[in-house]
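Each chain is listed here by its residues.
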Amino acid sequence: MAAILKSVQHDEAKKLDGNDPRPLSVIIVTYNSSAVLSELLDSLPAGLEGVDDYEVIVVDNASEDRSVDIALDHPIGVRIIRMGRNAGYSAGINAAAAAIEANRNLLVLNPDIRLYPGAAGILNDRLSDTSAGIVVPQIVDEDGIISRSIRREPSLKTVWADALVGSGIAGRFGLSETVFDPALYRDGGQIEWAVGAILAIAARTRAIIGRWDESFFLYSEEVDYQDRVRRAGLSIIYQRDARAVHIGGDFQSNPALCYLMSANRVRYYSRRHGTLPAAMFRLGVIAGEILRLPLGQRHRAALRGAIGAY
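What comes next concerns the included structure. All figures in this text were calculated on a predicted structure; none of them were measured in a lab.

1. Regarding the overall build of the chain
Okay, so step 1: Tallying secondary structure elements over the chain gives 12 helices and 11 strands in all.
Okay, so step 2: For the chain, the C-alpha radius of gyration of 19 Å lies close to 19 Å, the compact-globule estimate for 310 residues.
Okay, so step 3: For the chain, the spread of C-alpha atoms along the three principal axes comes to 50 × 45 × 40 Å.
Okay, so step 4: Taken over 310 residues, the chain has a buried fraction of 52%.
Okay, so step 5: A sequence separation of at least 24 residues applies to 76% of the contacts in the chain between residues at least 6 apart.
Okay, so step 6: If you sum the accessible surface of the chain, you get close to 13,900 Å²; carbon and sulfur atoms cover 53% of it.

Below, the structure written as structure tokens:
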């Protein structure tokens, strides 16, 4: 039955393939995002240069600030989906995807993203490659410095290297989960996965992969989704000539987010590996956080998350 379903999904995906760029739906999931949302929306007209058919959808997870009002008042024209509760990032994406036509590519954006001119058009054009499942841009910080947004699949090697010597040192030897290779950031190419702040997703990918896993709520949902994309035989591509600014950093000052990020790292790995490897991975995360306890409460929260993950 699974083989039959997979065949049907791939047949449906083939119907969506073609040489011309697909219409694009921009999806922004908000939760008390009023401090950053306006600048993202302001960047969209220039960022969408080269895209003839687009729509902008804001999915709001019951924000208590002015996020919805800001979206409704913006001249770009925003369609609002109100979740009525804080349902999580994956649920927001799923709600938007369910409300649009199957032939549309997606551009999933964090509210703290700012697009460079033409970025969305470049990403959407690259999705015309029938081997492409997801395309991601070069991300820079507010000072224009390239962010190390490319990742390796989590493994015992990467978790223990990052724990014992830190990602900075481990990355120089290709042992970190974070990819440091300057040539890849300079030239672009195929990757394993990238941070989920901005992802361009092909309509064919939607047809094959289906829904995002809502059990992750926030963090590691993009790791799970991109793993499924690779397993389906589609590529994830780093497109360095498309650029975006990512403000980021909320989790570093929020212990609750640190807890959730750590717990979901363990949860993701445990679902894909046996009992012993999963236990060793959890110990790697725990060891890393214990070594960094003097650095502050976020590491204490992350330690609790690693211990308590189920």
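That was the structure; now back to the text.
2. Focus: the packing of helix H10 (residues 255-272) against helix H12 (residues 297-308)
Okay, so step 1: Contact geometry of H10 with H12 gives a least axis separation of 7 Å together with a crossing angle of 35°. For the pair H10 and H12, the sense of crossing is right-handed. Contacts from Pro 255, Cys 258, Tyr 259, Ser 262, Ala 263 and Val 266 of H10 reach H12 at Gln 297, Arg 298, Ala 301, Ala 302, Arg 304, Gly 305 and Ala 306.
Okay, so step 2: The residue makeup of the contact of H10 with H12, split by class, is eight nonpolar, three polar and two charged.

3. With respect to the packing of H10 against helix H11 (residues 275-291)
Angle between the axes and distance between the axes are the two parameters that describe a pair of packed helices.
Okay, so step 1: For the pair H10 and H11, the least separation of the axes is 9 Å and the interaxial angle reads 160°. One way to sum up the angle between H10 and H11 is to call them roughly antiparallel. For the crossing formed where H10 meets H11, the hand is right-handed. Where H10 approaches H11, its residues Ser 262, Arg 265, Val 266, Tyr 269 and Ser 270 are matched on the opposing element by Pro 277, Ala 278, Phe 281, Arg 282 and Val 285.
Okay, so step 2: Among the residues forming the contact of H10 with H11, the class breakdown is six nonpolar, two polar and two charged.

4. Some thoughts on H11
Okay, so step 1: Helix length check: H11 (17 residues) gives 24 Å between terminal C-alpha atoms against 24 Å at 1.5 Å per residue, within 8%.
Okay, so step 2: Three or more residues of H11 are buried, namely Ala 278, Phe 281, Gly 284, Val 285, Ile 286, Ala 287, Gly 288 and Glu 289.
Okay, so step 3: Where H11 is buried, its residues contact helix H6 (156-172), H10 and H12.

5. Points about the side chain of Asn 110
Okay, so step 1: Here Asn 110 shows up in the loop between strand S4 (105-109) and strand S5 (113-115).
Okay, so step 2: Aside from chain neighbours lying at most four places away, what touches Asn 110 is Leu 40, Tyr 89, Gly 196, Ala 197 and His 246.

About the cut-offs
- Residues numbered from 1 in each chain as written.
- Predicted model: local features only at pLDDT ≥ 70, side-chain atom pairs only at ≥ 80, totals over all residues.
- Heavy atoms only, no water.
- Helix = DSSP H or I, 4+ residues; strand = E, 2+ residues; numbered from the N terminus.
- Rg over C-alpha atoms; globule rule 2.2 N^0.38 Å.
- Buried < 20%, exposed > 50% of the residue type's maximum accessible area, 1.4 Å probe, protein only.
- Contact = heavy atoms within 4.5 Å.
- Areas by Shrake-Rupley, 256 points an atom, 1.4 Å probe, with all protein chains shown as cover.
- Axes fitted to C-alpha atoms, helices over the stretch in contact; angles between N-to-C directions.
- Left-handed = near helix turned anticlockwise from the far one by under 90°.
- Nonpolar A, V, L, I, M, F, W, Y, C, P; charged D, E, K, R; others polar.
- Parallel < 35°, antiparallel > 145°, perpendicular 65-115°, else oblique.
- Expected span 1.5 Å × (residues − 1).

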